[in-house]
Amino acid sequence: ALLLAATVAIAPGLAPVQASELRVDGAAGQVVAIGGALRYDNDPVWSRIVALAGGEGSRFVVLATAAANPEQSAARVIEALQRHGASAVHVAVAPRIAGIDVAQAVRDPLWLERVEAATGVYFTGGAQERIVDTLQPGGRATPLLEAIRDVHRGGGVIAGTSAGAAILSRTMFRDAIDVMAVMRGTLRDGTEVDRGLDLVGPDLFVDQHFLRRGRIGRMLPLLQSCGYAFGLGVEENSAAIISGHAVEVIGPGGALFVDLSGATTDRSLGAFNLQGGQLSFLGDGDRLDLRTRRLTPSAHKAAGAFIDPRAPDFRPEFPDAPFVMDVLGDGAIVRAMSNLLDSPLDEVRGLAFDARFAPEDPQRALGFEFRLYKGPDTVGWYSDSQGGEAYSVAGVRLDVMPVRVAEPLYRYWTQPPTRETRKAAP
């Protein structure tokens, strides 16, 4: 079991992880974590997945185990893979397929043979608990899961979107839709969290639908509670290619890299908190070395503007940066990082809270202040050469502190009109 308490266990402090101690997957193959909502016309991502598996003539198996309609989901993925030069077949092992006994199907010689012959495995989206409950019931790897791992060990590619990305780490979110509930301490083994399939090594945690759904709020407590050094949150319609120590991001949404290897926490506060985390945002084509935490920008970013806030000739684009009222809002954390980088400010603050609290909730006033600030190595790149403005940002520092939110958060400036007073108005 994951051995988590009923609520988040606040560690006494996370010891820094030295580069030489970093434990990542040592298999010969690559893992492609797709942030969900992958468009079927996103040719850069689809073509790259096929290329990693051997290009023209590569052989994929598609597992729609997580899907509500497995046959339909598998058919769409197979068509996309074939359109980019691969052959692909559906391994029909899913609890939502009528008449399938999954306990037998995971040992079926037909499916094992098809997986063993593959150079690529693709997991569709859906509900990630269906994947782990099918391939790893009770935490025990089935023959089908071992065959999938053999594909990876042999140099093949394992790709997954949405739920298919959630299962790639040794730990996964099983069902944790309420981000604020996780921040407030609800992180139960078998409910919010569960075992993943452990395909990216023990020090890296992967999450998906990340920026749109403000999932940094749930990632930070999990990293701290489970002792992870690093987190990688992949945005929708984008992918992160993980190969040993190297990460490359492709797609318009990018990915957020969270580094807690040197972060600490104060147990006396009695709620989730951290000091000294680091954040980096990788855009399309950017790369990251997990050993050094060094971000290498894409060619078009490198040809654009390099931003060093400490440089004598630094000319900030933004005169100010606003307080972020909803730091867990759609893309808010990356906008705050970009505004901080390209402004004269040393820090930007934001708030995470739930304005729809239940009156009986004893934690209804618990919120969290996010303090983003520049470190000695905070830098970035800017480019508008691909049809839109884009930043890549490295080394922004992060502190998170619990705060008490006012109840109510706001009041009307004057008494709002009632139905009766509106009727009486001339």
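This text follows the structure it describes.
Residues numbered from 1 in each chain as written. Predicted model: local features only at pLDDT ≥ 70, side-chain atom pairs only at ≥ 80, totals over all residues. Heavy atoms only, no water.

Student: What should I look at first to understand the sheet that holds strand β15 (residues 294-296) in this one?
Tutor: Strand pairs in the sheet, formed through backbone hydrogen bonds, run parallel or antiparallel to each other. One open sheet accounts for nine strands, arranged β3-β2-β4-β5-β1-β10-β11-β14-β15; its pairing is mixed. Where the open sheet ends on each side, the last strands, each with one partner, are β3 (87-90) and β15. On average, each strand axis in the sheet is inclined to that of its neighbour by 20°, with strand direction left out of account. Direction of pairing for strand β14 (residues 287-289) relative to β15: antiparallel, over a ladder of three bridges. Counterpart to R287 in the pairing with β15 is T296. Set on the sheet, helix α6 (residues 143-153) makes contact with β1 (30-34), β2 (59-63), β4 (120-123) and β5 (157-161); between it and β4 the angle comes to about 125°. (Pairing = 2+ DSSP bridges. Helix = DSSP H or I, 4+ residues; strand = E, 2+ residues; numbered from the N terminus. Axes fitted to C-alpha atoms, helices over the stretch in contact; angles between N-to-C directions. Contact = heavy atoms within 4.5 Å.)

Student: Which parts of the structure should I look at to understand helix α1 (residues 43-52)?
Tutor: Within an α-helix, residues lying three or four positions from one another point in the same direction, as the helix has 3.6 residues per turn. Residues of α1 that are buried include every one of V45, W46, I49, V50 and L52, and no others. In an axial view of α1, the angular spread of the buried residues amounts to 165°, which keeps them on one side of the axis. After α1 finishes, the residue G54 shows a positive phi value of roughly 125°. (Buried < 20%, exposed > 50% of the residue type's maximum accessible area, 1.4 Å probe, protein only. Arc of directions from axis to C-beta.)

Student: Please explain a nonpolar patch on the surface as it appears in this structure.
Tutor: Among the surface-exposed residues, F323, M325, L409 and Y410 lie close enough to one another that they form a single nonpolar patch of about 450 Å² accessible area. When you line up the elements, M325 lands in the loop between β16 (305-307) and α11 (332-341). (Patch = residues over 30% accessible without salt bridge, like charges linked within 9 Å, V, L, I, M, F, W, Y side chains within 5 Å. Areas by Shrake-Rupley, 256 points an atom, 1.4 Å probe, with all protein chains shown as cover. Salt bridge = Lys/Arg side-chain N within 4 Å of Asp/Glu carboxyl O.)

Student: Looking at this structure, how should I read the pattern of salt bridges?
Tutor: When their charged atoms lie close together, side chains carrying opposite charge are able to pair. By the definition in use, this model includes 26 salt bridges. For the salt bridge of E79 with R83, the shortest nitrogen-to-oxygen distance reads 3.2 Å. You can see E79 and its partner R83 sitting in helix α2 (residues 70-83), four residues apart, about one turn around the helix. The partly exposed category is assigned to E79, whose relative accessible area is 41%. Under the relative-accessibility criterion, R83 is labelled partly exposed at 41%. As a salt-bridge pair, K301 and D286 come within 3.8 Å of each other at their nearest N and O atoms. Here K301 is found in helix α10 (residues 299-302), whereas its partner D286 is found in the loop between β13 (274-282) and β14, with 15 residues between them in sequence. With respect to class, K301 is no different from D286; both count as buried.

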